Amino acid sequence: MDINSIAVIDIEAITAPWWKEVEEEADLKFPPLPSWLPCVIGCWAVDLPKGGSLSYASHTAYGEPGDISWEKAALVDVGEVIQTSDIVVTFNGRSYDMPLLQLRALATATPWAFWERYKQRYPNYYNPLLHIDLAEMLTDYGAGTRFKLDYLIKMVDEHSTSHIAGKGDMDGSKVEETWQQPGGPEKVKAYCDDDVKRTLQLYIRWMYIHGDASKEDVKRWVLQLDEV
């Protein structure tokens, strides 16, 4: 598949106030998708020209969870990035990020019809995918056990001369606590952008093993991302 432009997406969110009222009654290990309010919608529009240099533009937006004004504008912006990209790349995005975006479009009355018409979103044997969820691709669509993004980074780092920064002591479970602290929103936004970058770094390596990029292109793009 000839890939030049990609949209890399990651979302940070906290649970809605109403969820805390029903959490014990629901008795679920993980809150359901409708209970999440995005605080950061991370999106990079990335160009990977064969034989050329990587370039990207960050469309990451953040604001108070539940504030429709910023969220609606972010959904429109991300939708435009998706529609002008060859593919969407996520980590665990098919079960979380992308359906959450669609739910938030429903909640904020933001047009999102393009996603339902977005052909080849799901795996099949005949057509290339337009949504690459690395968590699914690398477990053969659930045949293998799911793992955290940080574990994948540690594995790759063992065999690579180019380091991918891990998550450190920050993860999604600490987003709400961090958000409430002084300077917290900026920290969560930076964490989300870092996750977008990590996903992109791993996807570029994935391109090589699947024959979508040459060794020379991958090496050049990885080195360029090291400077970001």
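It should be emphasised that the depicted structure is a prediction, and the values quoted were computed from it without experimental measurement. (Residues numbered from 1 in each chain as written. Predicted model: local features only at pLDDT ≥ 70, side-chain atom pairs only at ≥ 80, totals over all residues. Heavy atoms only, no water.)

(A) Inspection of the overall build of the protein at higher detail. When you go through the protein residue by residue, the secondary structure sums to 9 helices and 6 strands. Across the 228 residues of the protein, 47% fall into the buried class. Contacts in the protein between residues far apart in sequence, at least 24 positions, make up 69% of those at least 6 positions apart. As displayed, the protein offers around 11800 Å² of accessible surface, 54% of which is attributable to carbon and sulfur atoms. (Helix = DSSP H or I, 4+ residues; strand = E, 2+ residues; numbered from the N terminus. Buried < 20%, exposed > 50% of the residue type's maximum accessible area, 1.4 Å probe, protein only. Contact = heavy atoms within 4.5 Å. Areas by Shrake-Rupley, 256 points an atom, 1.4 Å probe, with all protein chains shown as cover.)

(B) A look at the pattern of salt bridges. Counting across every chain of the model gives 7 salt bridges. Notably, a salt bridge pairs Arg 94 with Glu 136, separated by 2.7 Å at the nearest N-O pair. One end of the pair, Arg 94, is in helix 3 (residues 93-108); the other, Glu 136, is in helix 5 (residues 134-137), with 42 residues separating them in the sequence. For Glu 136, a relative accessible area of 11% corresponds to the buried category. Notably, a salt bridge pairs Arg 198 with Asp 195, separated by 2.6 Å at the nearest N-O pair. With Arg 198 and Asp 195 both in helix 8 (residues 184-209) and 3 residues apart, the pair spans about one turn of that helix. (Salt bridge = Lys/Arg side-chain N within 4 Å of Asp/Glu carboxyl O.)

(C) Highlighting the packing of helix 8 against helix 9 (residues 215-226). Remark: helix 8 packs on helix 9, axes separated minimally by 9 Å, with the N-to-C direction vectors making an angle of 170°. Viewed along their axes, helix 8 and helix 9 adopt a mutual orientation that is roughly antiparallel. Contacts from Lys 197, Leu 200, Gln 201, Ile 204, Arg 205, Met 207 and Tyr 208 of helix 8 reach helix 9 at Lys 215, Val 218, Trp 221, Val 222, Leu 225 and Asp 226. Split into classes, the residues belonging to the contact of helix 8 with helix 9 amount to 8 nonpolar, 1 polar and 4 charged. (Axes fitted to C-alpha atoms, helices over the stretch in contact; angles between N-to-C directions. Parallel < 35°, antiparallel > 145°, perpendicular 65-115°, else oblique. Nonpolar A, V, L, I, M, F, W, Y, C, P; charged D, E, K, R; others polar.)

(D) Representation of the nonpolar core within the structure. In this structure, Ile 6, Val 46, Leu 48, Leu 54, Leu 200, Tyr 203 and Ile 204 are the most contacted members of the largest nonpolar core, which totals 29 residues. Counting residues per element, this core draws most heavily on helix 8, which supplies 7 residues. Setting aside residues up to four positions removed in sequence, Val 46 forms contacts with Asn 4, Ser 5, Ile 6, Val 8, Leu 54, Ser 55, Tyr 56 and Leu 200. Among the nonpolar cores identified, the runner-up in size contains 22 residues, and Ile 9, Ile 11, Ala 13 and Val 78 belong to it. (Core = buried A, V, L, I, M, F, W, Y, C linked by side-chain atoms within 4.5 Å.)

(E) Structural context of helix 2 (residues 68-83). For helix 2, built from 16 residues, the straight-helix expectation of 22 Å at 1.5 Å per residue is met to within 8% by its first-to-last C-alpha distance of 22 Å. For helix 2, the full list of buried residues reads Trp 70, Glu 71, Ala 74, Leu 75, Val 78, Gly 79, Val 81 and Ile 82. Taken down its axis, helix 2 places every buried residue within 165° of arc, on the same side. Of the surrounding secondary structure, the elements contacted by the buried residues of helix 2 are strand 1 (5-15), strand 2 (36-47), strand 4 (61-62), strand 5 (87-90), helix 3 and helix 4 (113-116). (Expected span 1.5 Å × (residues − 1). Arc of directions from axis to C-beta.)

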